[in-house]
Amino acid sequence: MVQQLSVFLQNKSGKIAAVVRALSESGVDIRALSIADTTDFGILRMLVSDISVAKAALAEQNCILSVNEVTVVAVPDEPGGLSRVLSLMAQAEVDIEYMYSLIERGVDVAYMVFRVSDEARLLEVLSKNALETVSPQKLGLK
């Protein structure tokens, strides 16, 4: 399992820049990010190099945040690789709450970040099909 930082932001110009600046000034590297928005607010989801430092830096900025557990899956980096993983999840009735990708250079897999309805079932499906999860350490996360 990997810890993900979710930051709730008003949907206004400069809000994401302020969060990224605060992390940068604290020496935190953003390894992956995704944003989902509505008319009034957005949720910035990130995998960061040091979640404790990131939480402290954003608390100083009065950010509303939460930490969630997500699963990072090493997906074969080939045509159909993601399709296979998603099909296996669908067959096992593992609902995806959200997903996003993480780019890593020099590897033959793509990393997909998943928040799912049933993590235990997801891990079972992955194991039965010789698919691996990715550890926080491999991603450079503390």
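Preceding this paragraph is the structure being described.
These figures come from a predicted structure and were not determined experimentally.

So, how was this worked out
- Residues numbered from 1 in each chain as written.
- Predicted model: local features only at pLDDT ≥ 70, side-chain atom pairs only at ≥ 80, totals over all residues.
- Heavy atoms only, no water.
- Helix = DSSP H or I, 4+ residues; strand = E, 2+ residues; numbered from the N terminus.
- Buried < 20%, exposed > 50% of the residue type's maximum accessible area, 1.4 Å probe, protein only.
- Contact = heavy atoms within 4.5 Å.
- Areas by Shrake-Rupley, 256 points an atom, 1.4 Å probe, with all protein chains shown as cover.
- Lys, Arg positive; Asp, Glu negative; His and termini not counted.
- Charge placed at Lys NZ, Arg CZ, Asp CG, Glu CD.
- Patch = residues over 30% accessible without salt bridge, like charges linked within 9 Å, V, L, I, M, F, W, Y side chains within 5 Å.
- Salt bridge = Lys/Arg side-chain N within 4 Å of Asp/Glu carboxyl O.
- Axes fitted to C-alpha atoms, helices over the stretch in contact; angles between N-to-C directions.
- Parallel < 35°, antiparallel > 145°, perpendicular 65-115°, else oblique.
- Left-handed = near helix turned anticlockwise from the far one by under 90°.

Undergrad: Please give an account of the overall build of the protein that cites residues and values.
TA: On a plain count of helices and strands, the protein comes out with four helices and seven strands. Written out in order from the N terminus, the α and β elements of the protein read β-α-β-β-α-β-α-β-β-α-β. Expressed as lengths along the three principal axes of its C-alpha atoms, the size of the protein is roughly 45 × 35 × 25 Å. Burial analysis of the protein (142 residues in total) assigns 38% to the buried set. Sequence-distant contacts, at least 24 apart, represent 70% of the contacts inside the protein between residues at least 6 apart. Split by element, the accessible area of the protein, about 8,000 Å² in all, is 47% carbon and sulfur. The protein carries 13 positive and 18 negative side-chain charges, and their two centres are separated by 4 Å.

Undergrad: Any details on a nonpolar patch on the surface? Residues and values, ideally.
TA: A surface patch of nonpolar side chains, about 210 Å² in accessible area, is lined by Ile16, Val20 and Ile35. Locating Val20 in the fold gives a position in helix 1 (residues 15–25). When its relative accessible area of 33% is taken as the criterion, Val20 is described as partly exposed.

Undergrad: So what's going on with the packing of helix 1 against helix 2 (residues 51–60)? Which residues, and what values?
TA: For the pair helix 1 and helix 2, the least separation of the axes is 9 Å and the interaxial angle reads 125°. Here helix 1 is positioned oblique relative to helix 2, judged by the angle of their axes. The hand of the helix 1/helix 2 crossing is right-handed. Two secondary-structure elements touch here, helix 1 through Val19, Ala22 and Leu23 and helix 2 through Ala54, Ala57 and Leu58.

Undergrad: Mind laying out the pattern of salt bridges, listing which residues take part and the relevant values?
TA: Applying the stated rule across the entire model yields four salt bridges. Put simply, Glu97 and Arg115 hold a salt bridge, and the shortest N to O gap is 3.5 Å. Highlighted residues: Glu97 in strand 5 (residues 96–102) and Arg115 in strand 6 (residues 109–116), separated in sequence by 18 residues. What makes Arg115 partly exposed here is its relative accessible area of 24%.

Undergrad: Before we move on, can you summarise the environment of Glu25 with the specific residues and values?
TA: Relative to the assigned elements, Glu25 resides in helix 1. Considering only alpha carbons, one finds Glu25 and Ala90, 65 residues apart in sequence, at a separation of 42 Å.

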